[in-house]
Every structure is written in structure tokens, then in C-alpha cells.
Amino acid sequence: MDGGKGVAPLIKRCPICERAVETVLSLPMRDLLGAGSRDYAQQVGICRHCGFIFTQNPFSAEQLSNRYKKESKFEFDSDAYLGEPPVKYRQRAERQKHFIEESLALIDDDFSSMLEVGAAAGYNLSLYPNKRRMGIEPSERNCRSAKKNYGVSMFPGMWQEYKKKQYETIEMGGGKTI
């Protein structure tokens, strides 16, 4: 493990019940997320008392922020990509949109605004042209791509850095809606 790069020391007690945990899996990663050393291996632990499963040696918030801001690689979000997003990506985005609209219709909510956290290159938000929309995306390249390709406004940074504004619907990148 690489102690100098901010990888936390091995967590040996359960964060839930504070009992001893057992390391059940070691996953060797080569430069995982661009944040760790080439010798890093993710340690997965389980608490046999409460059943909580977690990474025992997580990366620091600084390392993860650096990865998402500077080394982000998405399915189709690069300057070199030409054309439309892949069919499966578009289909998943359309299913998410349908789910959101149908779910909100059940409570008679015709929402007017949407915030997406982890908005990649803005494709999901582009499906809501008649809504006030904003994406939060750490990758500045993806923010530029969203504006250029879809006319979607993005905040380049982490959600913790975003100046809070109210939105009726919040979507977490990957299709989770709250």
C-alpha cells in the first residue's frame, strides 16, 4: 500500500458496530481510478457481527476529487468522440427519463427544474429541454462538451463545492433520483 498518497490505513473495526472485521477479499488494482499507487490492493472487509461489507483502505477525498476532475474517462465523453452516444447509453437515459416522469406523475408533480450530480457530458439533462436544468460534473472537459453538444449548463466541480440552489428533482449520475 502507498501511505504517502493519502490511502487510509486499514480499518480494522466495523464503522457500524465497532466489532473486529475480517478481510475477505484483496483486489489488486493497477493505478485504480488514477488515484493510488501501482501496488495498491483494495481490501474488502466484513463484520461477521452486523454483516456490514466495506472497503477497509479507502482513497482520500482529495484523491477521488483529483481523479474525477483531471483523469475522468466516460463512455463517450471526449473531444475525439464523433457522433451520437452509443445506442445502449441512449436507451438507458430514455428509461431513466420515463421512470422519473411517470413516478412524479403519480404525485401530480409537473416538475420544472432538475439538477444532475455526476452529469458526465450532459446527455441525460439534454432530454429535458423545457426544464431549468443544471449539471454538476468534476471534469471540465465534460462540462465544455455538455455546453457545446447539448446546450446544457454545468458546474465544473464536486457537489460539495456547488453553491446550493433549489431544484425540484435531483438525479444522481447513474439513474438514481431523489
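Note: the structure precedes this text.
Residues numbered from 1 in each chain as written. Predicted model: local features only at pLDDT ≥ 70, side-chain atom pairs only at ≥ 80, totals over all residues. Heavy atoms only, no water.

A. Just the overall build of the protein, in detail. Helices and strands together make up the secondary structure of the protein, namely four helices and eight strands. The secondary structure elements of the protein, listed N-terminal to C-terminal, are β-β-β-α-α-β-α-β-α-β-β-β. For the protein, the proportion of its 178 residues judged to be buried stands at 39%. A fraction of 51% describes how many contacts in the protein between residues 6 or more apart in sequence connect residues 24 or more apart. When the accessible surface of the protein is split by element, carbon and sulfur atoms take 53% of a total near 11,100 Å². (Helix = DSSP H or I, 4+ residues; strand = E, 2+ residues; numbered from the N terminus. Buried < 20%, exposed > 50% of the residue type's maximum accessible area, 1.4 Å probe, protein only. Contact = heavy atoms within 4.5 Å. Areas by Shrake-Rupley, 256 points an atom, 1.4 Å probe, with all protein chains shown as cover.)

B. Focus on the environment of Leu125. Checked against the element boundaries, Leu125 lands in helix α3 (residues 123-126). Measuring from C-alpha to C-alpha, the distance between Leu125 and Ala93 comes to 9.3 Å, with 32 residues separating the pair along the chain.

C. Structural context of the nonpolar core. Judged by nonpolar contacts, the single largest core of 16 residues is most densely connected at Ile100, Phe111, Met114, Leu125, Tyr128 and Met154. Listed by contribution, the elements that provide at least two residues to this core are α2 (87-106), α3 and α4 (140-150). A total of four residues in this core trace back to one element, the largest contributor, which is α2. In this structure, Leu115, Met134, Ile136 and Tyr167 belong to the second largest nonpolar core, which totals six residues. (Core = buried A, V, L, I, M, F, W, Y, C linked by side-chain atoms within 4.5 Å.)

By themselves, these figures tell us nothing about what the structure is for.
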